[in-house]
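An overview of the molecular structure
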Amino acid sequence: MTTSRSAADAVPGHDPLDYVESRSPGDGRQPPRAGFVSDAAALDLDGTWQFRLAAGLHDLTPGFEAPDLAHAGWGTIAVPSCWQLDGIPGAPRHGAPAYTNQVFPFPVDPPRVPDANPTGEYRREFTLPEDWPFEDGASVLRFEGVDSCFALWLNGARLGDGKGSRLPTEFGTAGLLRPGRNVLAVRVHQWSAGSYLEDQDMWWVSGIFRSVRLLHRPSGGIDDVFVHADFDPVTGEGVLRVDAVAGPDARITVPELGLDLAPGETARVPVQPWTAETPRLYDAVIATAAERVPLRVGFRRVAVEDGLLTVNGRRILLRGVNRHEWHPETGRTLDRATMLQDIELMKRHNINAVRTSHYPPDRTFLSLCDELGLWVIDECDLETHGFHLNGWRDNPSADPAWREAYLDRMSRMVERDKNHPSVIMWSLGNESGTGDNLRAMADWTHERDPARPVHYEGDWDSGYVDVYSRMYADHDETDRIGRRAEEPTTDPELDGHRRSLPFILCEYAHAMGNGPGGLSEYQRLFEQHPRCQGGFVWEWIDHGIRQHTPDGRGFFAYGGDFGEPVHDSNFVADGLVFPDRTPSPGLVEYKKVIEPVSIAIDAASATVSVRNGQDFADTAALRWLWQIEDGGEPVADGECAFPVVPAGETVFVPWPAELRKAAGTAAGGERWLTVRAVLATDLPWAPAGHEVAWQQTLLEALPAVRAVAPGSAPVRSGRLLTLGPAEFDVRSGRLARIGEHAVEELRLDLWRAPTDNDLRGWRGSVAERWRAAGLDRLEHKVLAVEPGADGLTVRARVAAAGTDAAMAADYRWSVPEDTPDRLWLTLEVRPTGEWPFPLPRLGVRATVAPSLSTVTWFGAGPGEAYPDTRAAARVSRFRSSVAGLQTPYLFPQENGARTDVRWARLTDEAGEGLLVLGAPHFGLSVRPWTSEDLDAARHPTDLVPRDALYVNVDLAQQGIGSASCGPGVLPAHRLLPGPAVLTVGFQAVTD
Ligand code: IPT
């Protein structure tokens, strides 16, 4: 290898660039310590830096570190930022992001990396304030995160190098810092030996992506602090001991508790404990004469006891999400407002836990979790997944040469984050196979912090961890595990141990595209089996990157959009929120499924029961509101005065008199009672009135709308058949209009644009079977058009080219004499031949004029819902524009269906339009494009409204499942082919 290298790198007998491909975690670094902010002098080095992107080690700027280097030809970059992204003003994009899930985007040859190794040369001058305390102690440069490997020079002298992208690194500046002007030069390599340990399923982006600061370390100050704040649930006492590496005069004070302690001294005092539901923090200070460090202390005890994971002596239930750090413009550089937004959104959607998949987050996030209350599994920056594709050959986890790197990563996480009460478990990393290096990480962690359990999913035998953790186990297996009746371990010696452990699903319910389905069924298992302590939905956010089409329309890019030769397409878009953090229907569904309080209404006994499913908090923060709706219109409301329900308990309360009275007053329509739990006062994460939980019950059903009067006969004139308000073509039997409104191409429809969950699947793709069977290219052969005394019958055979399997479809049209404006369709469908798969949908599709673009309906809503994602849909009356009915999944697919619709009106601006009536219910989708358009589109910007609206009226749809990574649609939600009848009415109306 010949490279041009700068003279200052040259150390005799040593290749100065060896560190890039060295397994060593770094050189010249300070020992890791707790992350904290003190009153010692500090200089923020974030901001604009000089920048040049070199193509590889052969392209480095000679003398790059020299203090007086001329920057001719250099650009600038913002620190912190990811150089492949251009979301930060002043940070033009360099190179391009690339997405792979498991596969390494370079040849697997550890620890070597490609010659094409984009290398960012960063330089920044800074001026020290005049009062910088040079005479006292030392100063360190602290990098919170640099991806993936770097070396640095201060005033021309090399300080060291480091790896471990999402972990902090500090370097001493001994003797090099000068009063006034200083020059810091940092060289950052996209690829390094460390890349083999950082194969997380996410974009490859690089650079100094978290903050950089110069910190004064006063002599006699506080170098490290470890707060041990135990809570004794028997006595209600907090047990505080603070260990410190500090000046001999260090004292710890907690004014609110009247404590003044020396390091290592233990105090017991009555306290209010910290939990995610009641995040009580006590302000404390550790101080010496030289330095003062504020601390926030939360007292809690995490334990694995009697086969359960407990906090403060109680089993907890994790209603969690996996959170990557992501922003559609700035990538993995997040500001505090974005972190706070994530936590607020989580809390508002009843989420109580976060796994920091798959690396320690910016530590501001953990401070916010301490404050606002979330259980955190803090995960180490470690994943070697790509070795799996090579049969785990050379996996670093089992290679002693990597042991130091593994231990280094673990210690840097634990040391940084050990004082966060929100962190209840340490995770060794993700998908790194098995091996002694993982065991060594666990052993070290148990020794260093015996007060927190250790988690790692990758070793199914659970030999060195404290909880049994799995990902994507299906419902049946989860049930077996819940009964401690799962398959035995590979190593029989470990079976007893694993069977005694609590169980969590560290990933489940893959939220890719439309879905996930099956959440309710999982939640039931978590509530039924004490051992099943919940899980973490995969994942929080779609990692889309904001881009624009040439004509300026915005969209979110995914894998392949930057021309990557190897990529995993839209598998990076599998979150509960869209990249701009708009909640997806999946998040709304999850919120309902994991409600912390469950309301049950019993109309027969006129009672409501409330089960407080929280583990610690009572219900004092909640108010209970009731409302009765008639045909979806509110008719009465009030408040229930419930007693405060302690955690884990249930109360039954009779309906208040007003509610009893209102419920007993028939009004003529379908009547529902809704009871909602809302916040009584403002909380730090949501305002008063925010809805936490709800339940509905039917008070009064309506008799079926279907008329029984005899139908009238169609009248023929030329090519037209007129039946009441409708006109048909006499030859084809096709409906042409209803009253003034063109209603065309109405026919049986079995197709939906496959969802990600239809397309992918561990047990094969159902969408491939649909396509092979031709469900997307069905031909409609009219066999007979039969006008009769009481209506019109059109018989058709619906089938795809090349197959003899078919659907017999008989359309019976009628207009009952007593409702001469109303046209009814009864569609009878019978499969013939082989239909060995569930159908995507079963219903009719028709087109109407694009002007009918307002949809009002009485049914379930307001959001989209499918058979296994309908928990969050409530019965009421809703109104939306057609545009508002579409869910803009990053990869276009079936979306936007409304379920259990009793009636719907599609109207134009003048309020004229069409009424669709169920008998009793139907599923409704209205779009400005076809399912075929949706299927063909790759991004929402590919979808161009046509000159018609496409209306699907469904008897049923196939469920959603989460087969894109995990189990498919549960049997109860599969749409199996069989004889079926859909009845639906149409009428021209004025709003
Ligand atoms: C699992 C990974 O842990 C996670 O990072 C993500 O890739 C997820 O899958 C899918 O989106 S690993 C899976 C192969 C079980």
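Criteria and thresholds
- Residues numbered from 1 in each chain as written.
- Predicted model: local features only at pLDDT ≥ 70, side-chain atom pairs only at ≥ 80, totals over all residues.
- Heavy atoms only, no water.
- Near = heavy atom within 4 Å.
- Polar contact = N/O pair within 3.5 Å; in protein donor to acceptor, adjacent residues only side chain to side chain.
- Areas by Shrake-Rupley, 256 points an atom, 1.4 Å probe, with all protein chains shown as cover.
- Nonpolar A, V, L, I, M, F, W, Y, C, P; charged D, E, K, R; others polar.
- 1 Å grid on protein atoms, 1.4 Å probe; cavity = no way out; pocket = protein on both sides within 12 Å on 5 of 7 lines; lining within 4 Å.
- Points joined across faces, edges and corners; volume = space filled by probe spheres on them.
- Helix = DSSP H or I, 4+ residues; strand = E, 2+ residues; numbered from the N terminus.
- Buried < 20%, exposed > 50% of the residue type's maximum accessible area, 1.4 Å probe, protein only.
- pLDDT = per-residue confidence, 0-100.
- Contact = heavy atoms within 4.5 Å.
- Salt bridge = Lys/Arg side-chain N within 4 Å of Asp/Glu carboxyl O.
- Pairing = 2+ DSSP bridges.
- Lys, Arg positive; Asp, Glu negative; His and termini not counted.

Let's talk about the site of the ligand
Contacts to the ligand come from 15 residues, most closely from Asp201, His358, Asn430, Glu507 and His510. Between an oxygen atom of the ligand and a side-chain N or O atom of Asp201, the distance comes to 2.5 Å. About the coverage of the ligand: the protein hides 90% of its 390 Å² of free accessible area. Residue composition of the shell around the ligand, by class: five nonpolar, six polar and four charged.

Observations concerning the layout of surface pockets
Empty space among the atoms can be located by rolling a probe the size of a water molecule over them. The calculated volume of the largest pocket comes to roughly 810 Å³. In terms of lining residues, the largest pocket is bounded by 33 residues, among which Val37, Asp362, Arg363, Thr364 and Ser367 are the most central. Among the secondary structure elements, those contributing two or more residues to the lining of the largest pocket are strand E22 (292-297), helix H1 (336-348) and helix H2 (363-372). Considering each element in turn, the lining of the largest pocket owes the most residues, five residues, to H2. Each residue belonging to the lining of the largest pocket can be placed in one class, and the counts come to ten nonpolar, eight polar and 15 charged.

Some points on H2
Extensive coverage of H2 is indicated by the burial of seven of its ten residues. Among the residues of H2, those classed as buried are Arg363, Phe365, Leu366, Leu368, Cys369, Asp370 and Leu372. N-capping of H2 is provided by Asp362, with a side-chain oxygen placed 3.0 Å from the backbone N of Thr364. Positive phi appears at Gly373, one or two residues downstream of H2, with a value of about 95 degrees.

Here's the deal with the confidence of the model for the protein
Close inspection of predicted coordinates is inappropriate for parts of the model with low pLDDT. Per-residue pLDDT for the protein has a mean of 96; in total, 98% of the residues score no lower than 70. Across the protein, strand E28 (residues 375-379) holds the top mean pLDDT of 99, while strand E4 (residues 75-79) sits lowest at 94. Ignoring residues within four places in sequence, the model shows residues 1-10, a span with pLDDT below 50, making 18 contacts including any to other chains.

Thoughts on the pattern of salt bridges
Taken as a whole, this structure holds 72 salt bridges when the rule is applied. When the shortest N-O distance is used, the salt bridge between Arg771 and Asp776 registers 4.0 Å. Here the salt bridges do not stand alone but share partners, grouping Arg33, Arg142, Glu144, Glu170, Arg213 and Arg363 into one network.

Structural notes on the sheet that holds strand E44 (residues 720-723)
The strands making up a sheet associate through hydrogen bonds between their backbones, and the pairing can be parallel or antiparallel. Strand order in this open sheet of five strands is E43-E44-E45-E46-E47, and the pairing throughout is antiparallel. Among the strands making up the open sheet, the edge pair consists of strand E43 (715-717) and strand E47 (741-742). As paired strands, strand E45 (residues 726-729) and strand E46 (residues 735-738) are joined by three bridges and run antiparallel to one another. Counterpart to Glu727 in the pairing with E46 is Arg737.

Some remarks on the environment of Phe503
The residue Phe503 is located in strand E32 (residues 503-508) in this model. Separated by 440 residues in the primary sequence, Phe503 and Leu943 have C-alpha atoms spaced 44 Å apart.

Remarks on the side chain of Asp615
Positionally, Asp615 belongs in the loop between strand E37 (607-612) and strand E38 (622-630). Despite its burial, Asp615 remains without a salt bridge, the nearest opposite charge being carried by Arg319 at 4.7 Å. In this structure the side chain of Asp615 is engaged in a polar contact, spanning 3.0 Å, whose partner is the backbone nitrogen of Leu317. The contact partners of Asp615, leaving out residues within four places of it in the chain, are Glu277, Arg314, Arg315, Ile316, Leu317 and Ala647.

With respect to helix H5 (residues 475-482)
Along H5, six of the eight residues are buried, which leaves the element largely enclosed by surrounding structure. What H5 keeps buried is the set His475, Glu477, Thr478, Asp479, Ile481 and Gly482. Of the surrounding secondary structure, the elements contacted by the buried residues of H5 are strand E31 (468-471), E32, helix H7 (519-528) and strand E33 (532-537). The N-cap residue of H5 is Asp474: its side-chain oxygen and the backbone nitrogen of Asp476 are 3.2 Å apart. One or two steps after H5, the chain reaches Arg484, where phi turns positive at roughly 55 degrees.

Considering the side chain of Ser432
Checked against the element boundaries, Ser432 lands in the loop between strand E29 (423-427) and helix H4 (436-448). Among the residues examined, Ser432 registers a relative accessible area of 0% and is labelled buried. At 3.2 Å, the side chain of Ser432 forms a polar contact with the backbone nitrogen of Thr384. When residues no more than four places from it in sequence are discounted, the contact partners of Ser432 are Leu382, Glu383, Thr384, Trp392, Asn395, Ser397, Leu438 and Tyr456.

Focus on unusual backbone geometry
Across the chain, the bulk of peptide bonds are trans and the bulk of non-glycine residues have phi less than zero. A cis amide bond links Val79 to the next residue, Pro80, at an omega of 0 degrees. With respect to the secondary-structure elements, Pro80 resides in the loop between E4 and strand E5 (98-100). Cis geometry is adopted by the peptide bond preceding Pro111, which originates at Pro110 and carries an omega value of 0 degrees. Residues other than glycine seldom take positive phi values, yet Asp394 does so here, at roughly 65 degrees.

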